[in-house]
Amino acid sequence: MPELELPIYMDNMATTPVDPRVLDALLPYYQERFGNAASRDHAFGREARDAVETARARIANLIRCDPGEIVFTSGATESDNLALKGVIEVAGPTKNQVITAPTEHKAILDSCKWLKSRGCEIVFLQVDRNGLVDPEDLRRAITARTAVISIMLVNNEIGVLQPIRELANIAREHDVLFHTDAAQAVGKIEIDTREPGIDLMSLTAHKIYGPKGIGALYLRRETARGRVAEQMHGGGHEGQMRSGTLNVAGCVAFGEACRLAGEEINEERARLARLRDRLQTALQRELPAAHVNGHPSSRVPGNLNMRFTGVDGEALLTGLHDVALSLGAACNSGAIEPSYVLKAIGLTNDDARGSVRFGLGRFNTEAEVDYTAGRVIEEVKRLRELSPRWDDAVKG
Ligand SMILES: *Cc1c(COP(=O)(O)O)cnc(C)c1O
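Residues numbered from 1 in each chain as written. Predicted model: local features only at pLDDT ≥ 70, side-chain atom pairs only at ≥ 80, totals over all residues. Heavy atoms only, no water.

## As for the packing of aromatic side chains
The full count for this structure, using the stated rule, is 2 aromatic pairs. Arranged with centres 5.5 Å apart and planes meeting at 35 degrees, the rings of phenylalanine 34 and phenylalanine 44 form a pair that is tilted. Here phenylalanine 34, found in the loop between helix 1 (20-26) and helix 2 (43-63), pairs with phenylalanine 44, found in helix 2; they are 10 residues apart in sequence, far enough to count as distant. By relative accessible area, which is 43% here, phenylalanine 44 ends up partly exposed. Taken together, a centroid distance of 5.7 Å and an interplanar angle of 90 degrees make the contact between tyrosine 209 and phenylalanine 363 edge-to-face. (Phe/Tyr/Trp six-rings, centres within 6.5 Å; stacked < 30°, edge-to-face > 60°. Helix = DSSP H or I, 4+ residues; strand = E, 2+ residues; numbered from the N terminus. Buried < 20%, exposed > 50% of the residue type's maximum accessible area, 1.4 Å probe, protein only.)

Quick look at the structure:
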């Protein structure tokens with residue numbers, strides 16, 4: 001068995017390392033091919049533009065859309081902001097309602113909060129104990145004032161897959177724009193925009209082995225074009241949708257990351273599901289009261305979010321200095337509050353604090369999974385011996 005390199009990185013839902021093949025594709029665009037993709041007057045510019053258009057086509061190919069429907073941004077946060085604020089701006093004062101869910105990423109929740117301060121009405125669909133919204137709730141929530149519905153494809157903490165097709169179809173029946181934050185889904189599960197329904201979709205490179213700081217917004221030509229106002233004003237880049245000199249190297253890298261993800265999607269999905277099952281089985285074989293958070297089957301393969309009764313997640317991670325896991329979303333780390341996603345699915349504060357997220361990725365191995373399982377088991381047992389809550393749970 002190859003020797004393990006420590007520490008082990010198992011937090012791939014926060015970010016992923018850049019794949020060496022992606023790095024190889026990207027590097028020339030910082031030096032010999034440094035041109036500005038908007039320079040029309042010389043070969044340097046044309047070369048950069050060609051590279052950007054090749055990348056755009058690769059991203060489009062992964063989600064089966066037309067390259068003209070992809071707008072480059074700095075990442076999913078910007079795409080979420082552009083989608084929600086952009087739609088509301090065009091929709092005008094009579095259509096100022098947004099429908100979303102409490103388990104969305106902060107980029108959605110905080111954009112909604114800002115819109116609310118500007119007079120919009122934000123309606124939250126509740127999620128069940130598995131973290132899923134009920135399409136019938138959406139049907140009931142839509143009014144003549146609804147401008148946009150935003151429900152994420154895959155949740156970044158608990159990995160659950162929302163019933164997007166049903167939700168998007170309901171939106172379409174009511175002629176309401178449907179946006180989905182697909183940052184955790186693209187390249188991991190099949191997404192086909194040729195099926196009608198999704199009008200707007202946020203993507204980011206750094207969750208699929210590309211660099212940080214580059215992403216995209218998909219805008220369906222027939223339904224979304226003309227209904228989203230640009231939020232970044234300047235030179236009119238990206239078809240007036242997002243001004244600013246393109247991050248050419250980032251675009252190239254994002255395109256290459258999408259190409260690789262698409263090529264390897266089936267094998268990778270099966271491999272990650274196997275690793276995830278192996279991890280879960282090992283933990284549950286040795287540890288009583290170790291439960292999975294989120295839907296048991298409607299989920300993305302690399303994610304495992306578990307709670308260990310009687311154990312404080314923060315204490316657990318402190319003891320696990322050689323394995324990088326997380327308590328929840330990276331964007332909320334530093335907060336002492338338990339995860340709002342776990343609270344929304346009905347966990348008590350104690351159970352939410354006793355939960356840990358494992359994010360398996362392309363570079364994790366079986367040996368790493370076995371080591372991680374062993375270390376977590378050891379730490380959970382040690383902490384439970386010290387825990388009055390565990391004593392109560394056992395007695396109760
Ligand atoms: C990571 C993530 C984001 C933020 O993406 P950035 O590219 O880092 O801005 C938004 N939504 C979800 C679901 C994410 O997982």
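Having put the structure on the table, let's press on.
## Describing the domain arrangement of the protein chain
What the domain assignment reports for the protein chain is domain 1 (8-16 + 265-395) and domain 2 (20-259). A C-alpha centroid distance of 29 Å is found between domain 1 and domain 2. Tallying the contact residues gives 33 residues for domain 1 and 33 residues for domain 2. With both sides pooled, the region where domain 1 packs onto domain 2 buries about 2,900 Å², and carbon together with sulfur makes up 53% of that total. In this assembly, domain 1 and domain 2 are joined by 0 salt bridges. At the level of elements, helix 7 (248-286), strand 10 (303-308) and helix 9 (340-344) are the ones that each hand at least two residues to the side of domain 1 that touches domain 2. By residue number, the principal contributor to the side of domain 1 that touches domain 2 is helix 9, which donates 4 residues. (Domains from an automatic or database assignment. Contact = heavy atoms within 4.5 Å. Buried area = accessible area lost by both parts, 1.4 Å probe. Salt bridge = Lys/Arg side-chain N within 4 Å of Asp/Glu carboxyl O.)

## Points about the packing of helix 3 (residues 76-91) against helix 4 (residues 106-117)
Packed helix pairs are characterised by how far apart their axes lie and by the angle those axes make with each other. Remark: helix 3 packs on helix 4, axes separated minimally by 9 Å, with the N-to-C direction vectors making an angle of 30 degrees. Regarding the angle of helix 3 to helix 4, the classification is roughly parallel. In this structure, the crossing between helix 3 and helix 4 has a hand that is right-handed. Residues Thr77, Asp80, Asn81, Leu84, Lys85 and Ile88 of helix 3 form the contact with helix 4, whose own contacting residues are Ala107, Ile108, Ser111, Cys112, Trp114 and Leu115. For the contact of helix 3 with helix 4, the per-class residue count stands at 7 nonpolar, 3 polar and 2 charged. (Axes fitted to C-alpha atoms, helices over the stretch in contact; angles between N-to-C directions. Parallel < 35°, antiparallel > 145°, perpendicular 65-115°, else oblique. Left-handed = near helix turned anticlockwise from the far one by under 90°. Nonpolar A, V, L, I, M, F, W, Y, C, P; charged D, E, K, R; others polar.)

## Quick word on the pairing of strand 6 (residues 177-181)
Buried residues dominate strand 6, accounting for 5 of its 5 residues. Of the two faces of strand 6, both are covered, the one formed by Leu177, His179 and Asp181 as well as the one formed by Phe178 and Thr180. Here strand 6 runs beside strand 7 (residues 200-204); their pairing, made up of 3 bridges, is parallel. Bridging from a neighbouring strand, threonine 180 pairs with methionine 201 of strand 7. (Pairing = 2+ DSSP bridges.)

## With respect to the environment of alanine 183
Tracing the backbone shows alanine 183 in the loop between strand 6 and strand 7. Judged by its relative accessible area of 5%, alanine 183 is buried. With residues up to four places along the chain from it excluded, the contact list for alanine 183 reads Ala76, Ser202, Thr204 and Lys207.

## Describing the pairing of strand 10
Look at any regular strand and the pattern is simple: side chains alternate between the two faces of the sheet. Of all 6 residues in strand 10, 6 are buried; the element is thus mostly enclosed. Residues Asn303, Asn305 and Arg307 point to one face of strand 10 and Leu304, Met306 and Phe308 to the other, with burial holding for every one of them. Looking at chain direction, strand 9 (residues 290-292) and strand 10 are connected through 3 bridges and run antiparallel. Note on strand 10: the bridge partner recorded for histidine 291 is arginine 307. Judged from the 5 bridges that link them, strand 10 and strand 12 (residues 355-359) form a sheet pairing that is antiparallel.

## Structural notes on empty space enclosed by the protein
Inspection of the entire model under this criterion finds 1 cavity of 30 Å³ or more. Put simply, the largest cavity is a space of about 240 Å³. Forming the walls of the largest cavity are 23 residues, and the residues nearest its centre are Lys188, Tyr209, Glu268, Leu272 and Leu360. No other element matches helix 7, which puts 7 residues into the lining of the largest cavity. The residue inventory of the lining of the largest cavity, partitioned by class, reads 10 nonpolar, 7 polar and 6 charged. Looking at the lining of the largest cavity, you find at least three residues from each of domain 1 (8-16 + 265-395) and domain 2 (20-259). (1 Å grid on protein atoms, 1.4 Å probe; cavity = no way out; pocket = protein on both sides within 12 Å on 5 of 7 lines; lining within 4 Å. Points joined across faces, edges and corners; volume = space filled by probe spheres on them.)

## Details of the environment of glutamate 230
When you line up the elements, glutamate 230 lands in the loop between strand 8 (215-219) and helix 7. Ignoring sequence-local partners within four residues, the contact set of glutamate 230 consists of Leu82, Glu89, Gln240, Met241 and Ser243.

## Things to note about the sheet that holds strand 5 (residues 146-150)
Strands sit in the order 2-8-7-6-5-3-4 across an open sheet of 7 strands; the sheet is mixed. This sheet does not close on itself; its edge strands, each paired only once, are strand 2 (70-73) and strand 4 (121-124). Each neighbouring strand pair of the sheet contributes to a mean axis angle of 20 degrees, computed without reference to strand direction. Where strand 7 meets strand 8, 5 bridges bridge the pair, whose relative direction is antiparallel. In the sheet register, methionine 201 faces strand 8, and the bridge partner there is tyrosine 218. Where helix 3 meets the sheet, its contacts fall on strand 2, strand 3 (97-100), strand 5, strand 6, strand 7 and strand 8, and the angle it forms with strand 7 comes to roughly 160 degrees.

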